[in-house]
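Coordinate analysis (summary)
Now for the letters of each chain:
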Amino acid sequence: MRGSARESQGSRESQDGRESYLVGLIGSGVGPSLSPALHQREADRHGLRYLYRTIDIDPLGLGPDGVGRLVRAAAALGFDGLNITHPCKQAVIEHLDGLSEDAAQLGAVNTVVFGEDGRAIGHNTDWSGFARSFARGLPDAPTGEVVLLGAGGAGAAVAHALLTVGADRLTLADTDQERAEALAEALAGRFGATRVRTVAPDGLPAAVGGADGLVHATPTGMAAHPGLPLPAELLRRDLWVAEVVYRPLRTALLTAARAAGCRTLDGGGMAVFQAADAFRLFTGREPDAERMLADLSDLLKLPAGG
């Protein structure tokens, strides 16, 4: 990434004298994302000129491996930073010049900042976003045994967050068993082998049956991936259920969980808190996360895609 044609960060101004930022979001099916509006509303309150563009790999005919080409193009076009979402959070790493400590530990990146020297540095604000959302939305939830569905980029961040906030034992389940085992091994190296294990699909009912909580971190439930990630009959009243999907805010999983009497946490808080942390990295300004939560509620009243 060195040598990209970029202007000096922090000193670039628009014609009206305001600080100017150009950022974007790379991923699959990102058209309905509310990240642009969340960032731009907060930027307006800081008096910044802030342009946030979505870059959808699907109409471009690109898979996750195409993220490197897009990152290089963004650097050459003078972007200040990028958010990275499914399915590119892990694929993007090999195309960056460096990683923050958190991103290196997690093996997943959701935020890229282009420095004045043209270097692209990857960060992860997903894990801190989930941790803050969990503490806010389920402050007294028991965390002795937690099951996590999904071992991809979002799953890696959520797993790190759960173990950081004090989950005694985390059980990972993924349709790709090798991916789940690789994540478990990485987590065991940081948090201890006794605190993490994997379970095959046929062992999921028993794992959920003995769990205090369930966290879902796969794309299932998004508008483009409707459905339930597990049988609804596995949900029970004394199980709390947390979701990372926020569009729609009330996924099929949360609907089924509430019908079963579970305490639930939607994906809105994680979406806002990770966005706030990314905004800070892009601009150096301190965002008001509570104000951004109100923005999300307001934006979700708009028609899909608005």
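Since the model is a prediction, treat every value here as computed from it, not as a measurement.

1. Digging into helix α8 (residues 252-259)
What α8 keeps buried is the set Leu253, Leu254, Ala256 and Ala257. Taken down its axis, α8 places every buried residue within 160° of arc, on the same side. In the segment just after α8, glycine 261 is the residue with positive phi, at about 90°.

2. With respect to the pairing of strand β10 (residues 213-216)
By the alternation rule, side chains of β10 split into Gly213 and Val215 and Leu214 and His216, which are all buried. Direction of pairing for strand β7 (residues 145-149) relative to β10: parallel, over a ladder of four bridges. By the bridge assignment for β10, valine 146 is matched with glycine 213. Here β10 pairs with strand β11 (residues 240-243) via four bridges, running parallel. Bridged to glycine 213 within β11 is tryptophan 240.

3. Brief notes about the pattern of salt bridges
Counted under the stated rule, the structure contains 16 salt bridges. Here aspartate 117 makes a salt bridge to arginine 119, at a shortest N to O gap of 4.0 Å. Given the relative accessible area of 22%, arginine 119 is considered partly exposed. Salt-bridge contacts for aspartate 140 lead to arginine 263; the nearest nitrogen and oxygen are separated by 2.8 Å. Of this pair, aspartate 140 sits in the loop between α4 (126-137) and β7 while arginine 263 sits in the loop between α8 and β12 (264-265); the two residues are 123 residues apart in sequence, bridging distant segments of the chain. What makes aspartate 140 exposed here is its relative accessible area of 58%. Arginine 263 gets classed as partly exposed once you look at its relative accessible area, which sits at 37%. Connected via shared salt-bridge partners are Arg41, Glu42, Arg45, Arg291, Asp295 and Asp298.

Reading guide: rules and limits
Residues numbered from 1 in each chain as written. Predicted model: local features only at pLDDT ≥ 70, side-chain atom pairs only at ≥ 80, totals over all residues. Heavy atoms only, no water. Buried < 20%, exposed > 50% of the residue type's maximum accessible area, 1.4 Å probe, protein only. Helix = DSSP H or I, 4+ residues; strand = E, 2+ residues; numbered from the N terminus. Arc of directions from axis to C-beta. Pairing = 2+ DSSP bridges. Salt bridge = Lys/Arg side-chain N within 4 Å of Asp/Glu carboxyl O.

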